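Residue-level listing of the chains:
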Amino acid sequence: MTGLRLQGVCKRYGSTPVLGGLDLSLAPGELVCLVGPSGCGKSTLLRLIAGLDRDYSGHIEAGTRLGMVFQAPRLMPWLNALDNVRLVLPAGEEGRRRARTALESVGLGEQLAAYPGQLSGGQQRRVALARAYAVEPQLLLLDEPFVSLDAPSAQRLRELLLLWWRASRATVLFVTHDLDEALGLADRIVFLGGRPARTVLELSLTAPRPRPPELRAQLQRDLLARHPHLLSGQANSGG
Ligand code: ADP
């Protein structure tokens, strides 16, 4: 089982620095949420970790088996749910079995033959999750995967993610701008801010999951009382 290690990662687009020497380590099996204001470089960082962009300096050590879930489900409209998941797997009966198991694990066992256009937004996200789970990733990267879903659907998908994470023992890096979501999911929240972006604060969460809404609200109030500008990417000194 591997975690993730970033050392001094710098990224610029042309002359604009976006990431300014970022250090970040995830222990194997840890679930970390990355929170920061829009445009601060969160998606850029995930793309570097996923190997989709190799134009950076610094050091990134990630496992070899990576899964990624994006903001949009990114399904092929001409393939049914089963074949969308099979796309990432070896051809043949073994791939078919793994795709079916992954779809069953997200509650889509009855929709294997449905095309994306016949599925709700929440069901399409489930297919995207199943596609990521099917590769049995050591490291799962998620970039605001539940954004723009209604609140109950998003909550069900978070519960499914936690179930999968517990069973798989994978390392998870979850990007969100939703502090409540991060407070519900994470072992640790890493807050990014500034231009170029750096880590401005880290918060470890020890309360067992599921964390009820009142607890999350209390944690949020306490945190923002100490760091009123945290969600704009600024933390007060002194932690
Ligand atoms: P976040 O995910 O935190 O919203 P992004 O990583 O998408 O932020 O973007 C960080 C910054 O880099 C933004 O200012 C964005 O405009 C810029 N950016 C992102 N992708 C590119 C690109 N391909 N070329 C130039 N600038 C980019």
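Here the structure is shown first, and the text comes after it.
Keep in mind that what you see is a predicted model, and the values were worked out from it rather than measured.

Novice: Summarise the pairing of strand S2 (residues 16-26); cite the residues concerned and give the values.
Specialist: Sheet topology places strand S1 (residues 4-13) next to S2; eight bridges connect them, and they run antiparallel. Residue pairing for S2: tyrosine 13 is matched across the bridge by threonine 16.

Novice: Please provide a residue-by-residue account of the side chain of arginine 98, values included.
Specialist: Mapped onto the elements, arginine 98 comes out in helix H3 (residues 93-105). In contact with arginine 98, other than residues within four places in its own chain, are Leu89, Pro90, Ala134, Val135 and Glu136.

Novice: An account of the sheet that holds strand S4 (residues 57-62) is needed here, citing residue identities and associated values.
Specialist: Spatial ordering of the open sheet is given by S2-S1-S4, a layout of three strands whose pairing is antiparallel. Only two strands of the sheet have a single partner each, and these edge strands are S2 and S4. Neighbour to neighbour, the strand axes of the sheet diverge by 25° on average, direction disregarded. Note: S1 against S4, five bridges, orientation antiparallel. The residue bridging leucine 6 from the neighbouring strand is isoleucine 60, located in S4.

Novice: Break down the packing of aromatic side chains for me, citing the residues and quoting the values.
Specialist: Aromatic ring pairs are described here by two measures, namely the spacing of the ring centres and the angle between the planes. Counted according to the given criterion, the structure contains two aromatic pairs. For the ring pair tyrosine 133 and tryptophan 164, a centre distance of 4.4 Å and an interplane angle of 5° mean the geometry is stacked. With tyrosine 133 in helix H4 (residues 121-134) and tryptophan 164 in helix H5 (residues 151-168), this pair connects stretches of sequence that are 31 residues apart. You'll find tyrosine 133 and tryptophan 164 in the same group, each marked buried. Each ring, one from phenylalanine 146 and one from phenylalanine 174, has its centre 5.9 Å from the other, and the planes form 55°; the classification is tilted. Here phenylalanine 174 lies in strand S7 (residues 171-176) and phenylalanine 146 lies in the loop between strand S6 (139-143) and H5, a separation of 28 residues in the sequence. Of the two residues, phenylalanine 146 and phenylalanine 174, neither departs from the other in class, the shared state being buried. Residue placement shows arginine 74 over the ring face of phenylalanine 70; its charged tip is 3.7 Å from the ring centre.

Definitions and limits used
- Residues numbered from 1 in each chain as written.
- Predicted model: local features only at pLDDT ≥ 70, side-chain atom pairs only at ≥ 80, totals over all residues.
- Heavy atoms only, no water.
- Pairing = 2+ DSSP bridges.
- Helix = DSSP H or I, 4+ residues; strand = E, 2+ residues; numbered from the N terminus.
- Contact = heavy atoms within 4.5 Å.
- Axes fitted to C-alpha atoms, helices over the stretch in contact; angles between N-to-C directions.
- Phe/Tyr/Trp six-rings, centres within 6.5 Å; stacked < 30°, edge-to-face > 60°.
- Buried < 20%, exposed > 50% of the residue type's maximum accessible area, 1.4 Å probe, protein only.
- Lys NZ or Arg CZ within 6 Å of the ring centre and 35° of its normal.

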